[in-house]
Amino acid sequence: MELQFLGTSAGVPTLRRNVTSIALNLLKEQQGIWLFDCGEGTQHQIMRSGLNPQKIEQIFITHMHGDHILGLPGLLTSRSMSTGPQPLTVYGPPGIRRYLETVLEMTASYLTYPLTINEIQPGAIMQQPQFTVHAAHLEHRVECFGYRIEQSALPGALDAGKLQRDNISSGPHLQQLKNGQTITLPDGRIINGQDYIHPATPGKIITIMGDTAPAPQAVALARHADILVHEATLEAAFAEKANERGHATTTQAAQFAKDSQAKQLIITHISARYHQMDEPRLLEECRAIFPATVMAHDLETFPVN
């Protein structure tokens, strides 16, 4: 499982940063890719990333501002030009259905695969055996959501050491033990598989925030997240300007991560006013409050450990 940032700029693209989109690569877990936002130019970024757009199975839109959705119609229609496109589901705020249906109609576009559009409200919006996704309102100029992706607990492995100590040989019965079943060994012993399985490993938690001013009500969305993705549009000195436009500063993102007890903060959505030489200063503002902070750059990949 890994996050790949396809666009990390706020509002407008720059020569080094495209507008917002993030890919959650789940090819090892369930052979799929999830996309969070789809700003203009995301298709080009996907081609540069090496990701296969046919593997995109879910798209989560945080809000209806153009730098987060203008790449979506093109991506949807391009998938129809490939061989065997798979079904796709789009989640987003109220209005996402009308937007997509209108664009597809007015451009005489059609899709060759099933498209499901879910307009969401706060709460659990998707539940699968391996993952659950929750959404919560943020503080922006339009209705905006953050998403919490929770991986289900991973089953514990067989305790090889205990099997050896109890003189339990290898064979087909090990799979039954791994499934927690009670079996009878050839020597007549009856054993319970639950006694030979390590405790389950908690699943990972990823929180991806949309555009937002400080949103204390959303702390629960990021509680104990392994990775928290938060915008840091402006530096600390411009807090008033950032907040009145529904955005956060470096230090506000870091304080949110601290309050949420997240393990790692990745800042993104960096204003185009900043150049490469400014980035260490912005990052240091975050690290002064929350040391486990990194800054995302376009096409950069972060494993979810």
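What you see is a predicted model, and the numbers here were worked out from it, not measured in a lab.

### Remarks on the overall build of the chain
Within the chain one finds 11 helices and 18 strands. Intrachain contacts of the chain at a sequence separation of at least 6 include 63% that bridge at least 24 residues. Put simply, the chain shows about 14,200 Å² of open surface, and 52% of that area lies on carbon and sulfur atoms. Treating the 23 positive side-chain charges of the chain as one cloud and the 29 negative ones as another, the clouds have centres 4 Å apart.

### Section: the sheet that holds strand E5 (residues 56-60)
Strand pairing in a sheet relies on backbone hydrogen bonds. The paired strands run either parallel or antiparallel. Within the open sheet, the 7 strands sit side by side as E7-E6-E5-E4-E3-E1-E18. Their pairing is mixed. Among the strands making up the open sheet, the edge pair consists of strand E7 (115-119) and strand E18 (301-303). Strand-to-strand twist in this sheet, taken as the mean axis angle between neighbours without regard to direction, amounts to 20 degrees. As paired strands, E5 and strand E6 (residues 88-92) are joined by 3 bridges and run parallel to one another. Bridged to Ile59 within E6 is Val90. Across the face of the sheet, helix H2 (residues 42-49) comes into contact with strand E1 (2-7), strand E3 (21-26), strand E4 (32-36) and E5 while running at roughly 135 degrees to E1. Together, E4, E5, E6 and E7 form the strand contacts of helix H4 (residues 72-79), whose direction differs from that of E5 by roughly 165 degrees.

### Section: the UniProt feature "active site" (unreviewed entry) in the chain
Following the UniProt record, the feature "active site" (unreviewed entry) maps to Asp67 here. Within the secondary structure, Asp67 is located in helix H3 (residues 66-69). Among the residues examined, Asp67 registers a relative accessible area of 13% and is labelled buried. Ignoring anything within four residues of it in the chain, the contact list for Asp67 reads Ala10, Gly11, Val19, Thr20, Gly39 and His269. At 3.1 Å, the side chain of Asp67 and the backbone nitrogen of Gly11 are in polar contact.

### So, the sheet that holds strand E17 (residues 293-295)
Strands sit in the order E8-E9-E10-E13-E14-E15-E17 across an open sheet of 7 strands; the sheet is mixed. The open sheet has two edge strands, strand E8 (123-127) and E17, and neither has a second partner. Averaged over all pairs of adjacent strands, the angle between their axes in this sheet comes to 20 degrees, without regard to strand direction. In this structure, strand E15 (residues 265-268) lies alongside E17, joined through 3 bridges in parallel fashion. Following the sheet pairing, Leu265 is matched in E17 by Thr293. The sheet strands contacting helix H10 (residues 250-260) are strand E14 (227-231) and E15, and the helix crosses E14 at an angle near 150 degrees. Those strands touched by helix H11 (residues 279-287) are E15 and E17, and its axis lies near 155 degrees from that of E17.

### Examining the packing of H10 against H11
Working note: a packed helix pair is described by the angle between its axes plus the distance between those axes. Contact geometry of H10 with H11 gives a least axis separation of 8 Å together with a crossing angle of 35 degrees. Where H10 crosses over H11, the handedness of that crossing is right-handed. Where H10 abuts H11, its residues Thr250, Thr251 and Ala254 lie against Leu282, Glu285 and Cys286.

### Description of the side chain of Asp298
Following the sequence through the fold, Asp298 ends up in the loop between E17 and E18. Salt bridges are absent for the buried Asp298, whose nearest opposite-charge side chain, Arg17, sits at 4.9 Å. A polar contact is formed between the side chain of Asp298 and the side chain of Thr8, at a distance of 2.6 Å. A distance of 3.1 Å separates polar atoms of two side chains, one belonging to Asp298 and the other to Gln45. When near neighbours in sequence (up to four residues on either side) are disregarded, Asp298 contacts Phe5, Leu6, Gly7, Thr8, Arg16, Arg17, Asn18 and Gln45.

### Observations regarding the nonpolar core
One finds Met209, Leu228, Phe256, Leu265 and Ile267 to be the most contacted residues of the largest nonpolar core, which totals 29 residues. When residues of this core are traced back to their parent elements, those giving at least two are helix H8 (219-222), H10, E15 and H11. It is H10 that provides the largest number of residues to this core, a total of 4 residues. Discounting chain neighbours no more than four positions away, the residues touching Leu228 are Thr207, Met209, Ala222, Phe256, Ala257, Ala262, Gln264, Leu265 and Ile266. Within the second largest apolar cluster, 27 residues are counted, among which are Trp34, Tyr147, Ile227 and Phe302.

### Section: the domain arrangement of the chain
We note that the domain assignment places domain 1 (2-154 + 201-303) and domain 2 (160-195) within the chain. Centre-to-centre separation of domain 1 and domain 2, based on C-alpha positions: 45 Å.

### Comments concerning the packing of aromatic side chains
Counted by the stated rule, this structure contains 7 aromatic pairs. Judged by centre distance (5.6 Å) and plane angle (55 degrees), the ring pair of Trp34 and Phe60 falls under tilted. Separated by 26 residues along the polypeptide, Trp34 in strand E4 and Phe60 in strand E5 bring together distant segments of the chain. The exposure classification of Trp34 matches that of Phe60, with both residues buried. Ring plane angle 10 degrees and centroid distance 4.9 Å describe the contact between Phe36 and Phe60, whose orientation is recorded as stacked.

About the criteria used
Residues numbered from 1 in each chain as written. Predicted model: local features only at pLDDT ≥ 70, side-chain atom pairs only at ≥ 80, totals over all residues. Heavy atoms only, no water. Helix = DSSP H or I, 4+ residues; strand = E, 2+ residues; numbered from the N terminus. Contact = heavy atoms within 4.5 Å. Areas by Shrake-Rupley, 256 points an atom, 1.4 Å probe, with all protein chains shown as cover. Lys, Arg positive; Asp, Glu negative; His and termini not counted. Charge placed at Lys NZ, Arg CZ, Asp CG, Glu CD. Pairing = 2+ DSSP bridges. Axes fitted to C-alpha atoms, helices over the stretch in contact; angles between N-to-C directions. UniProt positions renumbered as here; feature names shortened; annotations may be inferred. Buried < 20%, exposed > 50% of the residue type's maximum accessible area, 1.4 Å probe, protein only. Polar contact = N/O pair within 3.5 Å; in protein donor to acceptor, adjacent residues only side chain to side chain. Left-handed = near helix turned anticlockwise from the far one by under 90°. Salt bridge = Lys/Arg side-chain N within 4 Å of Asp/Glu carboxyl O. Core = buried A, V, L, I, M, F, W, Y, C linked by side-chain atoms within 4.5 Å. Domains from an automatic or database assignment. Phe/Tyr/Trp six-rings, centres within 6.5 Å; stacked < 30°, edge-to-face > 60°.

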